[in-house]
Amino acid sequence: MSLELGGFHHLTAVTADAPGNVAFYTRTLGLRLVKKTVNQDDTTAYHLFYADGAASPGSDITFFDWPVGRESRGTCSVASTGYTVARADSLAFWRDRLPGAGEIVERDGRATLRFEDPEGQRLLLIADGGLPEHPWERSPVPEQHQLKALAAITISVPRLARTERVLVDVIGMRRLRDFASPDHGGAPVHVFGMGPGGPSAELHVLEEAGAASAQPGAGGVHHVAFRVPDRAALTAWTERLTAAGVRNSGEVERYYFRSLYFREPGGVLFELATDGPGFAADEPLESLGETLSLPPFLEGKRAEIEARLKPLS
């Protein structure tokens, strides 16, 4: 079997304010809350998924709701999360909509806009051309300006060479180019591509030798997930990582997808996740995220779980 990652599947971050998180990502950013569930390893915490109108793999940013302080920024972490939007006029729309947003700046030959969510989550909008394929008809954001897909996620590592060996030799990414980062004093950002290419299939790597390691918290990222098509491909990836000596979780059933976890040498947690079954596995597509969803193995504990969760509005 030929193995190739299909781009980003999702990114999971941390919030300490679930109601505020829902308000920002749905009302301000206009994403669709496509799954309201719990962390399967810590059922006292919400796991909230936001995506495009069709809950497409590659469009979703997700959050664990934990009562923690703010992240202390540093290396061994995700430094920013990108989303594509249609064109430069969309960036102007977002600059005007987002208090505290930066200016529209060219990064890696593309027009971009940096901003942060209320807890300091670092986000980047990238104009890539083309209208959204799956807009959310009930979004407060006009269709032509809606966020489309995850793109150009940047990780910070202390030593590029060790991370590059895993990215290229183990998980099959391609070293594409470097560019000078306007956010880090012109330091080089190293671009690695996968699958179909383009910003939604690019991992950007910033080397910060000597920097302190990030300390986890709200406003930080827990892990980055990459797409694999199905369970057979995930099993093949499990075998490949194990044969390469990469410690991994083995396959984990998440009900909405099946996963495999491992850390790259710089300390960032990666996940490989299948495209299916998807978020419509247990509720209709038209009403995703409107009620608390639990995978079958947690359904018997629904009353107990619901009693511990705080209201989201």
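Residues numbered from 1 in each chain as written. Predicted model: local features only at pLDDT ≥ 70, side-chain atom pairs only at ≥ 80, totals over all residues. Heavy atoms only, no water.

What follows covers the environment of Ala92. Structurally, Ala92 can be placed in helix 2 (residues 88-97). Judged by its relative accessible area of 21%, Ala92 is partly exposed. Along the sequence, Ala92 and Thr112 sit 20 residues apart, while their C-alpha atoms lie 9.9 Å from each other. (Helix = DSSP H or I, 4+ residues; strand = E, 2+ residues; numbered from the N terminus. Buried < 20%, exposed > 50% of the residue type's maximum accessible area, 1.4 Å probe, protein only.)

The sheet built from eight strands is open, its strands ordered 2-3-4-1-13-16-15-14 with mixed pairing. With one partner strand each, in any of the chains shown, strand 2 (32-39) and strand 14 (252-253) form the two edges of the open sheet. The strands touched by helix 1 (residues 18-28) are strand 1 (8-15), strand 2, strand 3 (42-51) and strand 4 (60-65); relative to strand 3, the strand with the most contacts, the crossing angle is about 10°. (Pairing = 2+ DSSP bridges. Contact = heavy atoms within 4.5 Å. Axes fitted to C-alpha atoms, helices over the stretch in contact; angles between N-to-C directions.)

Next up on the list: the packing of aromatic side chains. Throughout the structure, instances matching the rule amount to twelve aromatic pairs. Ring centres of Phe24 and Tyr25 lie 5.2 Å apart, and the angle between their planes is 80°; on these two criteria the pair is classed as edge-to-face. Ring centres 6.1 Å apart and planes at 70° place the aromatic pair Tyr50 and Phe63 in the edge-to-face group. Here Phe63 lies in strand 4 and Tyr50 lies in strand 3, a separation of 13 residues in the sequence. One exposure class covers both Tyr50 and Phe63, and it is buried. Cluster of aromatic residues (ring-pair linked, three or more members): Phe8, Phe226, Phe262 and Phe270. (Phe/Tyr/Trp six-rings, centres within 6.5 Å; stacked < 30°, edge-to-face > 60°.)

What follows concerns the sheet that holds strand 7 (residues 110-116). An order of 6-7-8-5-9-12-11-10 is seen for the eight strands of this open sheet, with the pairing classed as mixed. Only two strands of the sheet have a single neighbouring strand rather than two, namely strand 6 (105-107) and strand 10 (174-180). Ignoring strand direction, the axes of neighbouring strands in this sheet form an average angle of 30°. As defined by bridge partners, strand 7 adjoins strand 8 (residues 122-127) across five bridges and the pair is classed as antiparallel. The partner of Thr112 across the bridge, within strand 8, is Ile126. Helix-sheet contacts for helix 3 (residues 160-170) involve strand 9 (150-157), strand 10, strand 11 (188-193) and strand 12 (202-207), and the interaxial angle to strand 11 is about 15°.

Throughout the structure, instances matching the rule amount to 25 salt bridges. The salt bridge partner of Lys35 is Glu283, with a shortest N-O separation of 2.6 Å. Highlighted residues: Lys35 in strand 2 and Glu283 in the loop between strand 16 (269-277) and helix 5 (296-299), separated in sequence by 248 residues. Within the structure, one salt-bridge network assembled from shared partners comprises Asp108, Arg110, Arg177 and Glu202. (Salt bridge = Lys/Arg side-chain N within 4 Å of Asp/Glu carboxyl O.)

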